[in-house]
Amino acid sequence: MLIGETFNVAFRSIRANKLRALLTMLGVIIGVGAVITVVAMGTGAQRNVENQINALGANLITIEPSRSRFGGVESSSTVPMTIDDAVALRRDAAEYIDAMAPEMERRQQVEYGNQNINANVKGTTPEYPEARNTRVEYGRMFTTGDDDSRQRYAVLGANVPDNLGQNPAAMIGQTVTIRQIPFEVIGVMASRGSIGWSNPDDEIYIPLTTARFRVMGNDRLGQISLTLPEGVNRNTALIQFERIMRREHRIRPGEGNNFNLRSPTDYLATAEETSKTFSALLLSIAAVSLVVGGIGIMNIMLVSVTERTKEIGIRKALGATRIVIMSQFLIEALMLCLVGGVIGIGFGVVASNLVSKNLGWSTEISPTAVAVAFGFSALVGLFFGLWPARRAASLDPIQSLRYE
Amino acid sequence: MARGMLDTAERMALLPGDVPRDAVIVTRNLHREYVMGTEVVRALNGVDITIRRNEFVAIMGPSGSGKSTLMNMIGCLDTPSEGEYWLNGHRVSELDDDDLARIRNKEIGFVFQTFNLLPRASALANVELPLVYAGVGGRERRERAETVLKQVGLGERMHHRPNELSGGQRQRVAVARALVNKPSILLADEPTGNLDSATSVEIMDLFETLHREGQTIILVTHEPDIAEHAKRQIILRDGKVASDGLTAEIHA
């Protein structure tokens, strides 16, 4: 009952100084809001990375041509990777390969009816969907037989039908021309979402042999995608692939590779690590602003104690004990912080939504962050309210009654 | 506070033998010294007074005589440097701050020159305040506060805030607040100091009525005509009791 009265007094005192209370709370509002927004952005970024790892498939390894280094000198040209490299890998490292998709790609003009788009056309093998962890949504993938017989079949990325002004199911059996060469659409891929700066949903896939002889006119590969079978040691596999590639490219011992073996998931794991570090940095800045908010509260509570010296004197004369006066001011500081915390949470949720809407970053409000931010603001209230409250409690009643 | 567990009669039995059994206030050789810079100021220099139940006493004296210090001492706002003070059997001289707060709440009703009401609270809330600290429940608190406010003639204005009341009305609220927890003594410090003469008379009439109803009243003042309302006058000079006698005898 005395506690109820104490709450009442604290509440009335805050209400009597609304503007001041709001300004005081601002530090906590900004601090809590910042914590929630930053954590939401961090969680969203991390979720993005996880999704990308899942989209790529955890077992993916890619091989790309690169400039070679020899004794610290980088050569000016790249040695192309060819279909022969892919054949050699398949032949000599079969036990390390689950699915393999060599890719040769070039941007081409693609026409359908009166629509004309510029799309990335990829020549690849039937194993492409398996190697890149995707599937054909409508129709079918081309087969090894289609590849061997250089069929003019095309499988479209998920966005391509839309880019051509047609719905995906209706595209099956239609004819599109790539570099004036007619291709029959036999399938449409499932949507995969953009990965980094490329969007596979905008690509068109044709059989590798068709691409080599009918469209590109060469056997140069932009990339080879591989997946490892279950239970295969990644490092052993990478050493095997490297050995075969060096042999095929006739690289002498001591000379640098003119190709890159990469695990995109490793790269993404690094990205995740980076985003975590970045989040931690922002979070510590947000925490500093909470502490600054706490100091603001301490400051205003000290002012409040001085302003209300007379009131404290009256209350003491009428029988308020130290603990009663102390809890009155402590509860007031706590209420300022908690109300600030609640407003800050609302502010953080709104800010997170604004960030994801206007900047297109994905954000995810974390309940843990909300709870921690709220708890931390209560702690700030207790910590920074304690000293002013003790000061109020230890005022001498005679001096306080005389205070004007 | 084991002593507080005893009832009044038991506590009174612990007092020195020469003290009347109905004494509310007993001081023995009361000293209070302040250190002001390098100087030691002796505000009280051996005060012995005894005030019995239902007395109406005025404590008088020029400024610097120690009457404010004595009032603080009697009001349990301060403790003596030396000597002893019993209030209604409580040996105040040996209590700590929180015990003093509890004693003030239970035994003393203060009326101040500047009213000392909480400005943002209604008259009723002001009067309820001592009961809040006494741990009295909300409903009973309200009933008791209303009763006392009616008793001092403010039944119609109890929801007004102090700034909506006249000086006399404010002092009546203060008197109601002083009485609400049924204290042993009503301790008034220059209660008419901020009031015009007509209102002063009204407040003093109220005090006389309360006295007739059995209330023990101690009035600290420097105005002789206000002290005239009391039945007994104690005059302090240089921290000592200079004279102590009944008002009727002084005039005789």
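Please read these numbers as outputs of a predicted model, since none were measured by experiment. (Residues numbered from 1 in each chain as written. Chains lettered and ligands numbered in written order. Predicted model: local features only at pLDDT ≥ 70, side-chain atom pairs only at ≥ 80, totals over all residues. Heavy atoms only, no water.)

Chemist: Help me out: how do you make sense of the overall build of chain B in this one?
Modeler: Along its length, chain B carries 9 helices and 11 strands. Taken against the 2.2 N^0.38 rule, which gives 18 Å for 252 residues, the C-alpha radius of gyration of chain B at 18 Å falls within 12% of a compact globule. Dimensions of chain B along its principal axes, counting C-alpha atoms only, are 45 × 45 × 40 Å. Put simply, chain B has 252 residues, and 53% of those count as buried. Considering only contacts in chain B between residues 6 or more positions apart, those separated by 24 or more positions represent 67%. Looking at chain B as shown, the accessible area adds up to about 11000 Å², and 47% of this sits on carbon and sulfur atoms. Taken as two groups, the 30 positive and 36 negative side-chain charges of chain B have centres that lie 4 Å from each other. (Helix = DSSP H or I, 4+ residues; strand = E, 2+ residues; numbered from the N terminus. Rg over C-alpha atoms; globule rule 2.2 N^0.38 Å. Buried < 20%, exposed > 50% of the residue type's maximum accessible area, 1.4 Å probe, protein only. Contact = heavy atoms within 4.5 Å. Areas by Shrake-Rupley, 256 points an atom, 1.4 Å probe, with all protein chains shown as cover. Lys, Arg positive; Asp, Glu negative; His and termini not counted. Charge placed at Lys NZ, Arg CZ, Asp CG, Glu CD.)

Chemist: Hey, could you run me through the side chain of Arg-132 of chain A in this one?
Modeler: All names here are of chain A. In this fold, Arg-132 is placed in the loop between helix H4 (128–131) and strand S7 (136–139). In this structure Arg-132 comes out as buried when scored by relative accessible area, which is 10%. Beyond its immediate sequence surroundings of up to four residues, Arg-132 is in contact with Ala-55, Leu-56, Leu-60, Glu-103, Arg-192, Gln-223 and Ser-225.

Chemist: Hey, could you run me through the interface of chain B and chain A in this one?
Modeler: Across the boundary between the two partners, chain B contributes 24 residues, which contact 22 residues of chain A. Contact with chain A buries area across many residues of chain B, yet Leu-77, Arg-120 and Tyr-133 of chain B alone supply 29% of it, more than any other trio. If you look at where chain B meets chain A, you find 0 salt bridges. Our count for the chain B to chain A interface comes out at 5 residue pairs in polar contact (both at pLDDT 80 or more). Of all the elements in the fold, those that place two or more residues in the side of chain B that touches chain A are helix H3 (97–107) and helix H4 (123–134) of chain B. (Buried area = accessible area lost by both parts, 1.4 Å probe. Salt bridge = Lys/Arg side-chain N within 4 Å of Asp/Glu carboxyl O. Polar contact = N/O pair within 3.5 Å; in protein donor to acceptor, adjacent residues only side chain to side chain.)

Chemist: What am I meant to see in the pairing of strand S11 (residues 240–246) of chain B here?
Modeler: A regular strand places its side chains on the two faces of the sheet in alternate fashion. Residues and elements named next belong to chain B. Of the strand pairs in this sheet, strand S10 (residues 232–237) and S11 are connected by 6 bridges, and their pairing is antiparallel. Each residue of the ladder has a partner; that of Arg-237, found in S11, is Lys-240. If you look at the hairpin formed by S10 and S11, you'll find 2 residues sitting between the two strands, and Asp-238 has a positive phi there, around 55°. (Pairing = 2+ DSSP bridges.)

Chemist: Help me understand the packing of helix H2 (residues 18–56) of chain A against helix H10 (residues 264–307) of chain A in this model?
Modeler: If you want to describe how two helices pack, look at the angle between their axes and the distance between the axes. Taken N-terminus to C-terminus, the directions of H2 of chain A and H10 of chain A make an angle of 170°; their axes are 8 Å apart at the nearest point. Of the possible angle classes, the one that applies to H2 of chain A and H10 of chain A is roughly antiparallel. (Axes fitted to C-alpha atoms, helices over the stretch in contact; angles between N-to-C directions. Parallel < 35°, antiparallel > 145°, perpendicular 65-115°, else oblique.)

Chemist: Can you walk me through the sheet that holds strand S9 (residues 216–220) of chain B in this structure?
Modeler: All names here are of chain B. Reading across the sheet, the 6 strands line up as S7-S8-S9-S4-S10-S11 and stay open at both edges, with mixed pairing between neighbours. The open sheet has two free edges, formed respectively by strand S7 (108–111) and S11, since each of these has just one partner strand. Averaged over all neighbouring strand pairs, the angle between strand axes comes to 20°, with direction disregarded. Bridge analysis of strand S4 (residues 56–60) against S9 gives 4 bridges, and the strand direction is parallel. By the bridge assignment, Phe-56 is partnered in S9 with Ile-217.

Chemist: Before we go on, may I ask you to explain the nonpolar core in this structure?
Modeler: Across soluble globular proteins, you tend to see nonpolar side chains buried next to one another. Core analysis: the largest hydrophobic core is formed by 77 residues, its most contacted members being Ile-25, Leu-70, Ile-74 and Leu-87 of chain B. At 10 residues, the largest contribution of residues to this core is made by helix H12 (residues 322–358) of chain A. Non-local contacts of Ile-25 of chain B, meaning those with residues more than four positions away in its chain, are made with Ile-49, Thr-50, Ile-51, Ile-74, Tyr-85, Trp-86, Leu-87, Ile-185 and Ile-218 of chain B. Counting 44 residues, the second largest nonpolar core, distinct from the first, contains Tyr-112, Val-185, Ile-206 and Phe-241 of chain A. (Core = buried A, V, L, I, M, F, W, Y, C linked by side-chain atoms within 4.5 Å.)

Chemist: Whenever I open this one, the domain arrangement of chain A confuses me. Can you help?
Modeler: By a widely used convention, the size of an interface equals the accessible area lost when the partners come together. With domains assigned, chain A is organised as domain 1 (2–52 + 271–402) and domain 2 (80–248). Placing the centre of domain 1 of chain A and that of domain 2 of chain A at their C-alpha centroids yields a distance of 57 Å. (Domains from an automatic or database assignment.)

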